[in-house]
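Descriptive structure summary
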Amino acid sequence: MLDTPLAELMATDDERAEAVELNQLAAASPAIRRMRDVVAFVGGGRAATQAGNLKGADLVALSGQLNTGEQVPPQVRSIDDLPDTAHAFRWAAAAGFVEWRGTKIVAGPLATELERDPLAAWLNAAITLVEHGLIDGFRQGWRKTYVELLDDNVTGLLVGMAEMPGPVPLTVIEDSAWDLVSSGCGYRRDDKAERGHVVRLAHAMIAQLLDLGIVVRDQEQVELTGLGGALAAIAASSFDDENGELDLVDTDAESLLLCCLEMQPDEAKAALLAWTQARPADDAAQELCEALLDDDNPDLWRLGLEALSALDPAVARTAARQLQAHPRLSRLATEWLHQGSTLRRRSPITDQGR
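Residues numbered from 1 in each chain as written. Predicted model: local features only at pLDDT ≥ 70, side-chain atom pairs only at ≥ 80, totals over all residues. Heavy atoms only, no water.

**Here we look at unusual backbone geometry**
Applied cut-off: By definition, any uninterrupted DSSP run of H or I lasting at least four residues is a helix, any uninterrupted run of E lasting at least two residues is a strand, and each is numbered from the N terminus. Exposed residues in this analysis have more than 50% of their type's maximum accessible area, buried residues have under 20%, and partly exposed residues fall in between, with area computed by a 1.4 Å probe over protein chains only.
Positive phi values are uncommon outside glycine, yet N67 reaches one of about 55 degrees. Counting through the fold element by element, N67 comes out in the loop between α4 (56-66) and α5 (83-94). At F138, a position not held by glycine, the phi torsion is positive, near 65 degrees. By the element assignment, F138 lies in the loop between α7 (118-132) and α8 (147-152). Taking relative accessible area as the criterion, F138 reaches 11% and is therefore assigned buried.

Given below as structure tokens:
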């Protein structure tokens, strides 16, 4: 957060006018209005559960104040009984607008920014949601395995929209999402049922972007707003300046592997090597193992095991032995241990581009 609102830092009248306009758009976005409502509801403090959530009666009251329209069960046992309210509360907490302190839920360290500098608050809220996932962030329950893959592609979507002249047809976004999922998860291109699921998720992403004021929709087209252009510029900064590829060094292991599956072999090898070298071998091995256990894509399993080969051999063998204990991964982990090297015969890295 800046100590001084952005508009006051601009050197020219035109720059100040643009910053003021963005500030007004941010303050008026539905998401920021909802964050203000959450902070106002918390007020001087509300009783917290042992897990740091609001209690049942307060959850019901907050749901009404937010006008979520969700059906309230006769007895609210947990925050997840009111998923839309839970989403708003968890988002506000992750963004620092509210926090759990002792036995109370109180206004967080960034709550004042909602009024003092709405644009800074908006950027914080938007980046927080993108990092946690437009679809999966702050939600509980079963999800399609490729939800995280779609969430991880949001920055690419924003950058791509910024590079396109004029509005973007929704069909382009739908097709792009299906291309990503079908190629990344091995679905047939003509699988209409699965494509239908992906299209619905793509529309859910657009709904979140509309809620944040990142895009506007006109019939079957969407276009970035000024706020969306600002966020796209920030997203573009996560790409390597020289070759336009994602800088994956700081990402989590599963996102790394999913992105590497879409790369050419040399690019994937370089990304895996950079990622493993940027952290202690034990930490890298643990993250890779957790990613493999959380995913059900055999190609990702093979790629993750190949990534182990970039680590200290003793650490890599220990991790592979741990994976041997899991039925889904036992055969591949055993094969990796017997070979003592990368899975050359069936590796996604060596097989791509043939």
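**So, the packing of α7 against helix α12 (residues 226-236)**
Just so we agree on the cut-off: Axis lines are fitted to C-alpha atoms, over the contacting stretch for helices. Their N-to-C directions set the angle, which ranges from 0 to 180 degrees. When an angle is under 35 degrees it counts as roughly parallel; over 145 it counts as roughly antiparallel; between 65 and 115 it counts as roughly perpendicular; any other value is oblique. Left-handed describes a crossing in which the near helix is turned anticlockwise from the far one by less than a right angle; the clockwise case is right-handed. Contact between two residues is taken to exist if any of their heavy atoms lie within 4.5 Å; hydrogens are not considered.
The interhelical angle for the contact between α7 and α12, taken along N-to-C directions, is 60 degrees, at an axis separation of 11 Å. Taken together, the axes of α7 and α12 lie oblique to each other. The way α7 lies across α12 gives a crossing that is right-handed. Packed against α7, whose contacting residues are L119, W122, L123, A126, I127 and V130, the element α12 presents L227, L231 and I234 at the interface.

**Notes on α7**
Just so we agree on the cut-off: The length a helix should cover is 1.5 Å for every residue beyond the first.
In this model α7 runs 21 Å from its N-terminal to its C-terminal C-alpha over 15 residues, within 8% of the 21 Å that 1.5 Å per residue would give. Within α7, 11 of the 15 residues are buried, which leaves the element mostly enclosed by the surrounding structure. Buried residues of α7: P118, L119, A120, A121, W122, N124, A125, A126, T128, L129 and V130, and no others. One or two residues past the end of α7 sits G133, with phi positive at roughly 115 degrees.

**Regarding the nonpolar core**
Note the threshold: We call a set of buried Ala, Val, Leu, Ile, Met, Phe, Trp, Tyr and Cys residues a nonpolar core when their side-chain atoms join them within 4.5 Å.
Grouped together as the largest cluster of nonpolar side chains are 101 residues, with contacts concentrated most on F97, W122, L150, I214 and L308. Look past the residues within four positions of F97 in its chain and what remains in contact with it is M35, V39, A92, A107, G108, L110, A111, L114, A121, N124 and A125.

**As for a negative patch on the surface**
The criterion, for reference: Only residues above 30% relative accessible area that lack a salt bridge enter a patch, with like-charged residues linked at up to 9 Å and the nonpolar side chains Val, Leu, Ile, Met, Phe, Trp and Tyr linked at up to 5 Å. Accessible surface is estimated by sampling points in the Shrake-Rupley manner with a 1.4 Å probe; for residues, cover comes only from the protein chains shown. Just to be clear on terms, a salt bridge is a Lys or Arg side-chain nitrogen sitting within 4 Å of an Asp or Glu carboxyl oxygen. Note on charges: Lys and Arg go in the positive column, Asp and Glu in the negative column, and His and the chain ends are not counted at all. The atoms used to mark charge sites are NZ of Lys, CZ of Arg, CG of Asp and CD of Glu.
A contiguous patch of negative charge on the surface is contributed by E148, D152, D252, E290 and D294. Sorting the residues of the negative patch by element identifies α8 and α15 (281-294) as the ones contributing at least two each. By the secondary structure assignment, E290 is in helix α15. Overall, E290 belongs to the partly exposed group, its relative accessible area being 41%.

**Some details on the packing of helix α13 (residues 253-261) against α15**
Definition in use: We call Asp, Glu, Lys and Arg charged. Ala, Val, Leu, Ile, Met, Phe, Trp, Tyr, Cys and Pro are nonpolar, and the rest, Gly among them, are polar.
Between α13 and α15, whose axes approach to 8 Å, the crossing angle comes to 70 degrees. Judged by the angle between their axes, α13 and α15 are roughly perpendicular. The interaxial crossing formed by α13 with α15 has right-handed handedness. Residue-level contacts link A253, E254 and L257 of α13 to E287, L288, A291, L292 and D294 of α15. Here the residues of the contact of α13 with α15 are counted per class, giving five nonpolar, no polar and three charged.

**Focus: the sheet that holds strand β2 (residues 98-101)**
Put simply, the test is: When DSSP finds two or more bridges between two strands, those strands count as paired.
One open sheet accounts for three strands, arranged β1-β3-β2; its pairing is antiparallel. Both edges of this open sheet fall to β1 (46-47) and β2, since each of them pairs with a single strand only. Across two bridges, the pairing between β1 and strand β3 (residues 104-107) is antiparallel. Counterpart to A47 in the pairing with β3 is K104. Together, β1, β2 and β3 form the strand contacts of helix α3 (residues 30-42), whose direction differs from that of β3 by roughly 125 degrees.

**Description of the packing of aromatic side chains**
Our working rule: In this scheme Phe, Tyr and Trp rings, the latter by its six-membered ring, pair at centre separations within 6.5 Å, and the angle between planes marks the pair as stacked below 30 degrees, edge-to-face above 60, and tilted otherwise. We call a charge positioned over a ring when the NZ of a Lys or the CZ of an Arg lies within 6 Å of the ring centre and within 35 degrees of the ring normal.
Taken as a whole, this structure holds two aromatic pairs when the rule is applied. Seen from their ring centres, Y146 and Y187 are 5.9 Å apart, and the 85 degrees between their planes marks the pair as edge-to-face. In this pair, Y146 is assigned in the loop between α7 and α8 and Y187 in the loop between α10 (170-185) and α11 (192-212), connecting sequence segments 41 residues apart. Taken together, the ring pairs connect Y146, W178 and Y187 into an aromatic cluster. Of note, R279 hangs over the ring of W275, and the distance from its end group to the ring centre comes to 4.1 Å.

**Description of the sheet that holds strand β6 (residues 221-224)**
Spatial strand order, β4-β6-β5: three strands in an open sheet with antiparallel pairing. With one partner strand each, in any of the chains shown, β4 (168-169) and β5 (215-218) form the two edges of the open sheet. As paired elements, β4 and β6 share two bridges and run antiparallel to each other. Residue pairing for β6: P169 is matched across the bridge by Q221. In this fold helix α9 (residues 154-163) packs onto β4, β5 and β6, with an angle of close to 90 degrees to the strand it touches most, β6.

**Details of α12**
Quick note on the threshold: Here the arc refers to the directions that run from the helix axis out to each C-beta atom. Think of a polar contact as two N or O atoms within 3.5 Å of one another; within protein, one of them needs to be a possible hydrogen donor and the other a possible acceptor, and neighboring residues in sequence only count if both atoms come from side chains.
All of the buried residues along α12 are L227, G228, L231, A232 and A235. The buried side chains of α12 occupy one side of the element, clustering within an arc of 135 degrees when seen end-on. The N-terminus of α12 is capped by T225, whose side-chain oxygen sits 3.2 Å from the backbone nitrogen of L227.

**Focus: the pairing of β6**
The alternating pattern of β6 places V222 and L224 on a buried face, while none of Q221 and E223, on the opposite face, is buried. By the bridge criterion, four bridges tie β5 to β6 in an arrangement that is antiparallel. Considered in β6, the bridge of R217 is made with V222. Where β5 folds back onto β6 in an antiparallel hairpin, the turn is made up of two residues, including Q219, whose phi is positive at roughly 55 degrees.

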